[in-house]
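Residues per chain, in single letters:
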Amino acid sequence: MPAGGFVPREGKAYPGNLTPFVTITCIVAAMGGLIFGYDIGISGGVTSMAPFLKKFFPSVYRKEVEDTSTNQYCKFDSQTLTMFTSSLYLAALLASIGASTVTRLFGRKLSMLLGGVLFCAGAIVNAFARDVVMLIVGRILLGFGVGFANQSVPLYLSEMAPYRYRGVLNLGFQLSISTGIVVANVLNYFFAKVSDWGWRLSLGGAVVPALIITVGSLLLPDTPNSLIERGRHDEAVAKLKRIRGIDDVDAEFNDLVAASEESRKVKNPWRNLLRQKYRPHLTMAIAIPIFQQLTGINAIMFYAPVLFQTIGLGDDASLMSAVITGCVNVAATLVSIYGVDRWGRRFLFLEGGIQMLVCQIIVAVCIGVKFGVKGDPGDLPKWYAVVVVLFICIYVTAFAWSWGPLGWLVPREILPLEIRSAAQSINVSVNMIFTFAVAQIFLTMLCHLKFGLFLFFAFFVIVMSIFVYFLLPETKGVPIEEMRIAWKNHPYWGSFILDDKLPAGAGVELDKNG
Ligand code: BGC
């Protein structure tokens, strides 16, 4: 997930190679996304494992196994069970607030190190959990890790990578999130077969990427930007030469210094953000993450195995179906990386929206017809569940090439330097709040709204598609210094973008110089 911070004068090419430094950086950064995805994918799988439920949530287990008359929709409705999943996102929200200060004042490396250590601690506490409290404490530690890693890793990556790789790497982070999800799904599938304690292996597995981040953060150098921010200019030049593998780094260095000075001039980025001319940016930084979560994707990512059990698949088939949706998610993210600069953001958003809407309606009808409002499927033929899984896969595909990656890319790429850090924090925090909300209430909503839950999310998909159609200008291939023109020419937002200059001290204007 992209974090805040500045990137100097985008739209300009600097010389530089893909050096071993940069390659190692990418590997460590990939671990940041991987572990985030791993945490997203792992909890649903373990909550569908009988030994795990029996040990920590015996009442849910009894409801599932012993009481056959229970309404299918409500089998897993338990606030403590969802708290196990959702607590991570609340912790991540809190940590990302502190992490932005640590990242700015003490450098990206310290934030990454803290993230790695917290991840390790969380994974170990979870693997050895004896009661629900330990489970939730472990998830909270993992959440703190996510907060620190998500703030520092993408920032580190964008500062280390040669300019021309930045766009691709931005989407690469989403790819590593979806890879983390599928790795978790696959491990859940196999570990579920390991006697009674397979879930311990699933939860403890997070230690591997966590150790790579921890060790990586100790070995990797500080970014030149971070050294400049802390006044260590000579070191920054030397570092830039090593990272880029060339001696001619003057142009990039001078721009980094200029950008750092300009961003220091921004006295109050939060107040700045409330200015009328930033209304479109603020709107996008808030609306896009809300809409991304209201697609309902995390109902699938968190609870796929539970959901598949609900519609009548057996334990093994449910975990296997989660593996399939995970693979589809990765494959479609690759399509997005290929298409985002060819077909444009609006096309992907709108096509994805229509595809998600159709699938949600079909899934709702399929489940509604067989389960009714009572949640009693009677004798459910296997092919029925297969059709539902198929349409869920088509839905996941749509998300993974639209709202998934673009939900992070678009709010970030539209931000001018003077509000970037503040607006980006808002974007990340709003995403975490809504991720938490969906994780916490999904199973209760399933119990009450029944098959209508899919129509609930479908309604929001309509709203967000209308929003994109009327309010989001195309930003494909628009360099940051020309982004303002895109808003200025927009039929609605145009009137918000005045041609004024900011009063001295209130911020910096980038129209001419990037
Ligand atoms: C979202 C996550 C989601 C993931 C699925 C991300 O863009 O922010 O909430 O679980 O995509 O791949």
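Given the structure is predicted, the values throughout are model-derived calculations rather than measurements. (Residues numbered from 1 in each chain as written. Predicted model: local features only at pLDDT ≥ 70, side-chain atom pairs only at ≥ 80, totals over all residues. Heavy atoms only, no water.)

## A short note on the overall build of the protein
- When helices and strands are counted, the protein shows 22 helices and zero strands.
- Each of the three principal axes of the protein carries a C-alpha extent, and together these read 70 × 50 × 35 Å.
- Within the protein, counting contacts between residues at least 6 apart in sequence, those at least 24 apart form 82% of the total.
- Surface exposure of the protein reaches about 19600 Å², of which carbon and sulfur atoms provide 68%.
- In the protein, 43 side chains carry a positive charge and 35 a negative one; their mean positions are 2 Å apart. (Helix = DSSP H or I, 4+ residues; strand = E, 2+ residues; numbered from the N terminus. Contact = heavy atoms within 4.5 Å. Areas by Shrake-Rupley, 256 points an atom, 1.4 Å probe, with all protein chains shown as cover. Lys, Arg positive; Asp, Glu negative; His and termini not counted. Charge placed at Lys NZ, Arg CZ, Asp CG, Glu CD.)

## Looking at the side chain of glutamine 174
- Take glutamine 174: it is sitting in helix H7 (residues 166-191).
- What makes glutamine 174 buried here is its relative accessible area of 10%.
- If we ignore the near neighbours within four places in the chain, the residues touching glutamine 174 are Thr333, Gly404, Pro405 and Trp408. (Buried < 20%, exposed > 50% of the residue type's maximum accessible area, 1.4 Å probe, protein only.)

## Quick word on the state of the cysteines
- In the structure shown here, the tally under the stated rule is one disulfide.
- Linked covalently through their sulfurs, cysteine 74 and cysteine 447 form a disulfide whose S-S length is 2.0 Å. Across the S-S bond linking cysteine 74 and cysteine 447, the dihedral sits near 90°, which makes this disulfide right-handed. You can see cysteine 74 sitting in the loop between helix H3 (58-65) and helix H4 (79-106) and its partner cysteine 447 sitting in helix H20 (residues 417-449), a full 373 residues away along the chain. (Disulfide = S-S within 2.5 Å.)

## Description of the side chain of threonine 325
- Tracing the backbone through its elements, the reader meets threonine 325 in helix H16 (residues 315-343).
- Taking the relative accessible area as the measure of exposure, threonine 325 reaches 3% and is therefore buried.
- Ignoring sequence-local partners within four residues, the contact set of threonine 325 consists of Phe308, Ile392, Cys393 and Val396.

## Here we look at the nonpolar core
- Of all hydrophobic cores here, the largest spans 132 residues; its most connected members are Phe52, Phe57, Met284 and Trp403.
- With 13 residues, H20 is the largest single contributor of residues to this core.
- Every residue in contact with phenylalanine 52, bar those within four places of it in the chain, is listed here: Val46, Thr47, Phe57, Phe84, Leu135, Trp199 and Leu203. (Core = buried A, V, L, I, M, F, W, Y, C linked by side-chain atoms within 4.5 Å.)

## As for the pattern of salt bridges
- One pass over the structure, following the stated rule, counts seven salt bridges.
- Ionic pairing is found between lysine 193 and aspartate 316, a salt bridge with its closest N-O pair at 2.8 Å. Of this pair, lysine 193 sits in the loop between H7 and helix H8 (198-204) while aspartate 316 sits in helix H16, placing them 123 residues apart in sequence.
- The class of lysine 193 is partly exposed, set by a relative accessible area of 48%.
- Judged by its relative accessible area of 38%, aspartate 316 is partly exposed. (Salt bridge = Lys/Arg side-chain N within 4 Å of Asp/Glu carboxyl O.)

## So, the environment of alanine 439
- Checked against the element boundaries, alanine 439 lands in helix H20.
- Not counting chain neighbours up to four residues away, the residues in contact with alanine 439 comprise Thr82, Thr85, Ser86, Phe302 and Tyr303.

## So, the packing of aromatic side chains
- Throughout the structure, instances matching the rule amount to 23 aromatic pairs.
- Judged by centre distance (5.1 Å) and plane angle (55°), the ring pair of phenylalanine 52 and phenylalanine 56 falls under tilted. Highlighted residues: phenylalanine 52 and phenylalanine 56, both in helix H2 (residues 50-56), separated by four residues, approximately one helical turn.
- When its relative accessible area of 0% is taken as the criterion, phenylalanine 52 is described as buried.
- Under the relative-accessibility criterion, phenylalanine 56 is labelled buried at 6%.
- Between tyrosine 303 and phenylalanine 442 the ring centres are 5.5 Å apart and the planes differ by 10°, which places this aromatic pair in the stacked class. (Phe/Tyr/Trp six-rings, centres within 6.5 Å; stacked < 30°, edge-to-face > 60°.)

## A look at the site of the ligand
- Near the ligand the following residues occur: Ile40, Gln174, Ile181, Gln292, Gln293, Asn298, Met301, Asn329, Phe399, Gly404 and Trp408.
- Contact distances for the ligand include 3.0 Å between an oxygen atom and a side-chain N or O atom of glutamine 293.
- Here tryptophan 408 contributes a side-chain N or O atom positioned 3.1 Å from an oxygen atom of the ligand.
- Looking at the shell around the ligand, the elements with two or more residues in it are H7, helix H14 (279-294), helix H15 (297-310) and helix H19 (403-413).
- Here the residues of the shell around the ligand sort into five nonpolar, six polar and no charged. (Near = heavy atom within 4 Å. Polar contact = N/O pair within 3.5 Å; in protein donor to acceptor, adjacent residues only side chain to side chain. Nonpolar A, V, L, I, M, F, W, Y, C, P; charged D, E, K, R; others polar.)

## Some words on unusual backbone geometry
- Positive phi, normally seen in glycine, also occurs at lysine 450, with a value near 55°.
- By the secondary structure assignment, lysine 450 is in the loop between H20 and helix H21 (452-471).
- With a relative accessible area of 18%, lysine 450 lands in the buried category.

## Quick word on the packing of H4 against helix H6 (residues 132-160)
- Where H4 meets H6, the axes come as close as 6 Å, and the angle between the chain directions of the two elements is 40°. Here H6 runs oblique to H4, going by the angle between their axes. At the point where H4 passes H6, the crossing takes the right-handed sense.
- For the contact of H4 with H6, the residue count by class is 18 nonpolar, nine polar and one charged. (Axes fitted to C-alpha atoms, helices over the stretch in contact; angles between N-to-C directions. Parallel < 35°, antiparallel > 145°, perpendicular 65-115°, else oblique. Left-handed = near helix turned anticlockwise from the far one by under 90°.)

## Some thoughts on the confidence of the model for the protein
- On average, residues of the protein score 84 in pLDDT, and 90% of them are at 70 or above.
- Taken element by element, the protein is modelled with least confidence in H3, mean pLDDT 80, and with most confidence in H21, mean pLDDT 97.
- Within the model, the stretch residues 1-11 combines pLDDT values under 50 with 56 contacts to residues more than four positions away or in other chains.
- The model gives residues 501-514 a pLDDT under 50, and that stretch makes 34 contacts with residues more than four places away or in other chains. (pLDDT = per-residue confidence, 0-100.)

## Digging into a nonpolar patch on the surface
- A contiguous nonpolar surface patch, about 360 Å² in accessible area, is contributed by Leu105, Phe106, Leu110 and Leu114.
- Elements with a minimum of two residues in the nonpolar patch: H4 and helix H5 (108-127).
- Looking at the element boundaries, leucine 114 is found in helix H5. (Patch = residues over 30% accessible without salt bridge, like charges linked within 9 Å, V, L, I, M, F, W, Y side chains within 5 Å.)

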